[in-house]
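Residues per chain, in single letters:
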Amino acid sequence: MKVKHITEIAQALLISRWRQTLVAAIGVAFSISLFIALLGFMEGLNRLLDGLVLNRTPHIRLYNDVQISPIQPIDMEESYMDYHNFVSSLKPSNTRKGILNADQITKNLINDKRVLGIAPKITTQVFYNLGSVNLNGVLSGVDVDQEARLFHFQDYIIDGNYYDLKNTPNSIILGKGAADKMLAKVGDIINITNIGGEIFSLKVVGYFQSGIAEIDKIQSFVSLATSRKLLNESGSYMSDIQIKLHNLNDAPALAKEYEELFELNAEDIQTANAQFETGSSVRSIISYAVGITLLIVSGFGIYNILNMLIYEKMDTIAILKATGFAGIDVKKIFISIALTIGISGALAGALFGFVFCLLIDMIPFVTASLPTVTTYPIDYNILYYIIAIVFAVVTTFFAGWFPAVKASRVDPVVIIRGK
Amino acid sequence: MEGEKVLEAKSIYKSFGTVDVLKDVSFSINKGEFVSVIGKSGCGKSTLLYILSTMDTDYRGDLLIDNESMNGKKEKELALIRNHKIGFVFQFHYLLNELTTLKNVMIPGFKAAKFSDVELEENAMKLLKTLGIEKLAHRMAHQLSGGEKQRVAIARAMINDPLILMCDEPTGNLDNKNTDMVFEIFNELATTFNKTLLVVTHDLSFANKTKRIIEMNDGRVVK
């Protein structure tokens, strides 16, 4: 029995109840489009919120922590070695804050296949001079290119251009809060004082906004070279090495490895932000559950309509069987009806889902923490469309299967005799 | 070949619960015969037809179609035998309203898949022409009159060139004019085209015009 002929008969049956068929297909289309819109929106939000943490945080941060030596002189004295020694008011010795042998370490890291990229960083304390008043500030010296490539630096610059930091010597990107206080505009020259008390003049090339007011009041950015100048340090000085990995989940293991290898402190992102993943996965699960429920409900709609169709078309089934159609042929006819409803509904639903996503994408959404985001975030992942369509086709297949089996078991004698 | 057995019933018994409907029914039909089965309402003639048509398999005895026993055949095999060797005309036409006349006639041919679609359509048109309704080929089935529908049903029964045409009260729903017309068609099929026909009817005037009458009473063949 050719597929073409099966579909021809199925089509005739479909046309006979085209209104109900349309309603069923609309049901599928509706649930598919909602499924896609819901997941696209939810995942878009998830990515946005994860991005707040993930984009700005290095997977591993290498630094030289200020800490008290665990072995004190008294522990090395032979006569006290077997005792438990208490020493109070310990202070750390004046070790350097920079990373020793930084050039060699960065070279090793760049050659490591697991590492996506590294961005050196110098953090230092400064004062912003505002007439006779000095404001506290934290200055980060960054490698502009790497910062932009790995940590979306440009997304947080709300005025000016981030690459001016590299191109203009002695330039600074001020935190929005600090700039407001100092009434500094882009292009102005401001004065800052370093820890040693020396005054430097820096040109403002942009504003930075993280969305957290406390940070924006004190945090500013300069280039690596400028920050080294401020600290009177040599050309290879850096206080932190930020590492971004290919695979986020490798971070804890690699952090431990680097800690031993380079004899530095290493902090991985999971330790730094233990909770961020939980929220995302719970939100994803909820939206999948709601979406799949919608699809199953539309499956019941198809089941109902096919059942009705079978009761109405008993005569047709009887004559098909009388003229030599086997049960399996009848089953194929009804399953192809179900699949027609499912596939056409799924395709229309995917299209409408995409339109819904476009609409949501146009709704304004302004948040201080993400200066580059102006509308609701949508994730246009093709995967949601594939999941939705596959699931819709599978659901309608099963919704059609049971009525189809019922139809295939219709005894033509009972129907014809009943007349 | 005249005299060749097309269908043979060998002592067929059938009962619904404790009520025996058919008792020891045996007869045979040769190729080219035009046979009518008559009897009172409830004598089991329709039941017999459903058994002979292989649709009802719940009976004792043996049924041979084209010298082949139907005992122990699977549903699928029986469906194929119905498709290839038996044509049906019922009291009600059972046409698919959403298809054209031509498509309705072609449906059993789809299953048989002996011909390509083009050849099948030619055959269907030829049949419709023979029955004088070729003008209706592209009309939808629900637009036809009762007599026209029955003629389409006959064309549908003939499309796979069956060994035997089985009819269950084919004129039960028709007026006299259409009844005469249907008889003329059957008669022509039997005489001109040498077809075998088995017609169950309670219309005695119709039956009297056929070559052979099988009369049933109370589940037995009387004559």
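A quick note: this is a predicted structure, and the numbers were derived from the prediction, not measured.

Our focus in this paragraph is the interface of chain B and chain A. Taken together, the 24 residues of chain B in the interface contact 22 residues of chain A. Sorting the residues of the side of chain B that touches chain A by element identifies α1 (45–52), α2 (75–85) and α3 (101–112) of chain B as the ones contributing at least two each. Per element, the largest residue contribution to the side of chain B that touches chain A is six residues, and it comes from α2(B). For the side of chain B that touches chain A, a count of residues per class yields 14 nonpolar, four polar and six charged.

Residue and element names in this part refer to chain B. Reading across the sheet, the six strands line up as β6-β7-β8-β3-β9-β10 and stay open at both edges, with mixed pairing between neighbours. If you trace the sheet from one side to the other, it starts and ends with β6 (86–89) and β10 (220–221), each paired once. Bridge count for β6 against strand β7 (residues 164–168) is four bridges, and the pairing is parallel. Residue Gly 87 lies in a different strand from β7, and its bridge partner there is Leu 165.

A few words on the sheet that holds strand β5 (residues 68–69) of chain B. All names here are of chain B. Strands sit in the order β2-β1-β4-β5 across an open sheet of four strands; the sheet is antiparallel. The strands lining the two open edges of the sheet, one partner per strand, are β2 (19–30) and β5. Where strand β1 (residues 5–16) meets β2, eight bridges bridge the pair, whose relative direction is antiparallel. By the bridge assignment for β2, Leu 7 is matched with Ile 29.

Residue and element names in this part refer to chain B. The element strand β8 (residues 196–200) is extensively covered by neighbouring structure, given that five of its five residues are classed as buried. In β8, alternate side chains face the same way, and those of Thr 196, Leu 198 and Val 200 on one face and Leu 197 and Val 199 on the other are all buried. Pairing of strand β3 (residues 34–39) with β8 involves four bridges; the strand directions are parallel. Residue pairing across strands places Val 35 opposite Leu 198, the latter belonging to β8. For the crossover that starts at β7, traverses helix α6 (residues 176–191) and ends in the parallel β8, the hand is right-handed.

A separate point is the confidence of the model for chain B. All names here are of chain B. Scored by pLDDT, chain B comes out at a mean of 83, with 99% of its residues at no less than 70. Least confident of the elements in chain B is β10, whose mean pLDDT is 78; most confident is β8, at 87. Interface confidence for the predicted complex, expressed as ipTM, amounts to 0.84; the pTM equals 0.71.

When its domains are assigned, chain A resolves into domain 1 (3–54 + 277–418) and domain 2 (60–69 + 97–272). For domain 1 of chain A versus domain 2 of chain A, the distance between C-alpha centres works out to 52 Å.

To continue, consider the packing of helix α2 (residues 18–54) of chain A against helix α14 (residues 327–362) of chain A. All names here are of chain A. In contact at an axis separation of 6 Å, α2 and α14 are set at 40° when each is read in the N-to-C sense. In terms of their interaxial angle, α2 and α14 are classed as oblique. The handedness of the crossing between α2 and α14 is right-handed. Taken together, the residues of the contact of α2 with α14 sort by class into 19 nonpolar, nine polar and no charged.

Criteria and cut-off values
- Residues numbered from 1 in each chain as written.
- Chains lettered and ligands numbered in written order.
- Predicted model: local features only at pLDDT ≥ 70, side-chain atom pairs only at ≥ 80, totals over all residues.
- Contact = placed C-beta atoms within 7 Å.
- Helix = DSSP H or I, 4+ residues; strand = E, 2+ residues; numbered from the N terminus.
- Nonpolar A, V, L, I, M, F, W, Y, C, P; charged D, E, K, R; others polar.
- Pairing = 2+ DSSP bridges.
- Buried ≥ 20, exposed ≤ 12 C-beta atoms within 10 Å, placed from the backbone.
- Right-handed = clockwise from strand over helix to strand, strands pointing away.
- pLDDT = per-residue confidence, 0-100.
- Domains from an automatic or database assignment.
- Axes fitted to C-alpha atoms, helices over the stretch in contact; angles between N-to-C directions.
- Parallel < 35°, antiparallel > 145°, perpendicular 65-115°, else oblique.
- Left-handed = near helix turned anticlockwise from the far one by under 90°.

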